[in-house]
Each structure stands twice: as structure tokens, then as C-alpha cells.
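# What the coordinates show
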Amino acid sequence: MIKLAVPSIQEQEAIANYLDAATSKIDEAIAQQQKMIDLLNERKQIIINNAVTKGLDPNVPMKDSGVEWIGEIPKHWALIKLKYLGVIKSGDGIKNEELKEYGEYPVWGGNGLMGYTDKYNREKNAIIIGRVGALCGNVRYLKSPTFITDNALIFDITQQVNHIFLLYSMQAANLNVLNTSNAQPLITGTKVKNVFIPFPTIEEQTRIVSFIEKQCLTIDEAITNYQQQISLLQERKQIIINDVVTGKVKVV
């Protein structure tokens, strides 16, 4: 049995009014920090999209790609379907009881990290695509051993391509638009492999990746700072609530 201190109705109302006023200011500050994070993420995506579709030379002759999301690309670039760069297949099933809060190998599903397990089905260098769920179409590059579930797709690269350039290109393609289901959101490997991406030379791909990483480093640092501020504000909010409802801070 848990015993709780219960003040009078008048004190409860006073405490509720005080907390509403005190925490609303913190909530506003958190919302502002989150707004800045959203704007920075938008800026980051613009940098990535422009680099992988337009290249780094603003004076290079351009041509129409014929693909809506890509628009114009440098005249000397090619367009290529993903299916010509590798093989796309589903991950493997895993039982709920095999998932752990902590463990040696991360388990990735359709919407991201699901937990950990003691086995892996992909050793390294995996591009994975969320196949099922609200975030289907999300793309990640994993460098270390991991377990990829059957709610995600594995892209095994068989041709010469900079893997990080490919990652950025697939993110820019916004694969979530391939979802046409009216029920459970999902995309298929068949749809993904027929997506076009711009394809410069491997040397240009490497330069573009370096440019993106350099440009986004400062943005990522700013995002981390805002996230830390949000954590501090959330902690401050909880301290205020705890102090007031336990009587450490008197409001009446």
C-alpha cells in the first residue's frame, strides 16, 4: 500500500494553479527549443537534397532528370534505378521474448531500434529500409553487427558506389511516399528497387559526402545543444512538480 499526503481541496486548487503557471512557461521554452531543432533538421535535409541532386558546382550545365523529386541534375550525371546497384531483401523474424532492453546486438525494425539480442543476421555495412510502420521508408546505414527484422528491408550493394552517398540519396528520395496502403503503412522491395537516384562518378560521390558531412557537423552540434536544453528543462519541470506536491515548496 502506498500512502499519499492529501491536502485540502483549496490547497489542491492552489497547487494546480501554481503548477499550471510555472510549468506552462517551461513548456513554452521546450516548444521553442524543439522548433529550433525542427528548423535545423529542415536545413540539414535541404543541404543533403541539393548536394545529391545538383552537385557542388553551381555553374555546371544542367539537364532535366524527368523525375519529379530530383528536378534538374548536372548534364554529365546519370540516373540509375536502385535495383541496378544491389539486391533488396527482407530481414528475418524474431520472437518478442528474444528482445532485451540491453544486449550485444541492436535489433532494427520498420520504425527503428526495437531492442537488443544475442545474435545478429548482418555483420556490417548494411543499408536498411523500414518496410512496415508509420516510419516506413526510413533509411539507415549500419556499420557493425546487427539483427534486422522482417519489418525492414536489407539493401546488399553489389556495384561500386559510395555507401554514404547512396544513403543520402535514398533519404532525399523520401521513400515513405511509396506507401499506398489504406491500413497498415508499408512499402515493398519491388517499389524501392525501381526508385531512380542521381548517379555521379564515384569521385564526385566522395566529394559530395565530404561536403555534406562538413556542412552538417555544425548543425548536428547545435541540435545536440538544443536537445540538452530540453532535457534540462524537463528535469526542472519535474523538480518543480515534485517539490510542490510533496510540500517542500509552499504555495499557500
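Anything mentioned here points back to the structure above.
Residues numbered from 1 in each chain as written. Predicted model: local features only at pLDDT ≥ 70, side-chain atom pairs only at ≥ 80, totals over all residues. Heavy atoms only, no water.

## Section: the overall build of the protein chain
To keep it simple, the criterion reads: Under the scheme used here, helices are H or I runs from DSSP no shorter than 4 residues and strands are E runs no shorter than 2 residues, and both carry numbers assigned from the N terminus. The cut-offs for exposure are 20% and 50% of the maximum accessible area for each residue type, with area from a 1.4 Å probe on protein chains only; residues under the lower value are buried, those over the upper are exposed, and the others partly exposed. What makes two residues a contact is simply this: any of their non-hydrogen atoms within 4.5 Å. To be clear on the numbers: accessible area is Shrake-Rupley with a 1.4 Å probe, and residue cover counts the displayed protein chains and nothing else. Under the convention used here, Asp and Glu are negative, Lys and Arg are positive, and both His and the chain ends fall outside the count. Charge coordinates come from a single atom per side chain, which is NZ of Lys, CZ of Arg, CG of Asp or CD of Glu.
Scanning the protein chain from N- to C-terminus turns up four helices and 11 strands. Each principal axis of the C-alpha atoms in the protein chain carries an extent, and together these give about 75 × 50 × 35 Å. Per-residue burial for the protein chain yields a buried fraction of 37% across its 252 residues. Residue pairs in contact within the protein chain that sit at least 24 positions apart in sequence constitute 65% of those at least 6 positions apart. Surface exposure of the protein chain reaches about 15,000 Å², of which carbon and sulfur atoms provide 51%. Here the protein chain holds 27 positive side-chain charges and 27 negative ones, and the gap between their average locations is 4 Å.

## Some words on the sheet that holds strand S4 (residues 86-90)
Basically, it comes down to this: When DSSP locates at least two bridges between a pair of strands, those strands are taken to pair. Helix axes are fitted to C-alpha atoms over the stretch in contact, other axes to C-alpha atoms as well, and angles between N-to-C directions run from 0 to 180 degrees.
Judged by pairing direction, the sheet is antiparallel, and its four strands sit side by side in the order S4-S10-S7-S8 without closing on themselves. Each edge of the sheet is formed by a strand with only one pairing partner; in this case those strands are S4 and strand S8 (139-142). Strand-to-strand twist across the sheet, computed as the mean angle between neighbouring axes with direction ignored, equals 25°. As paired strands, S4 and strand S10 (residues 152-157) are joined by five bridges and run antiparallel to one another.

## Examining the side chain of Arg 122
Position of Arg 122 relative to the elements: it lies in the loop between strand S6 (112-117) and strand S7 (126-130). Relative accessible area serves as the criterion here: at 18%, Arg 122 is assigned to the buried category. Setting aside its immediate chain neighbours within four residues, Arg 122 contacts Ser 144, Pro 145, Thr 146, Ile 148, Ile 154 and Asp 156.

## Re the environment of Ser 144
Within the secondary structure, Ser 144 is located in the loop between S8 and strand S9 (147-148). Overall, the relative accessible area of 44% leaves Ser 144 in the partly exposed class. The sequence separation of Ser 144 and Lys 81 amounts to 63 residues, and the corresponding C-alpha distance is 27 Å. In this view, Ser 144 contacts Arg 122, Glu 123 and Lys 124; residues no more than four positions away in its chain are not counted.

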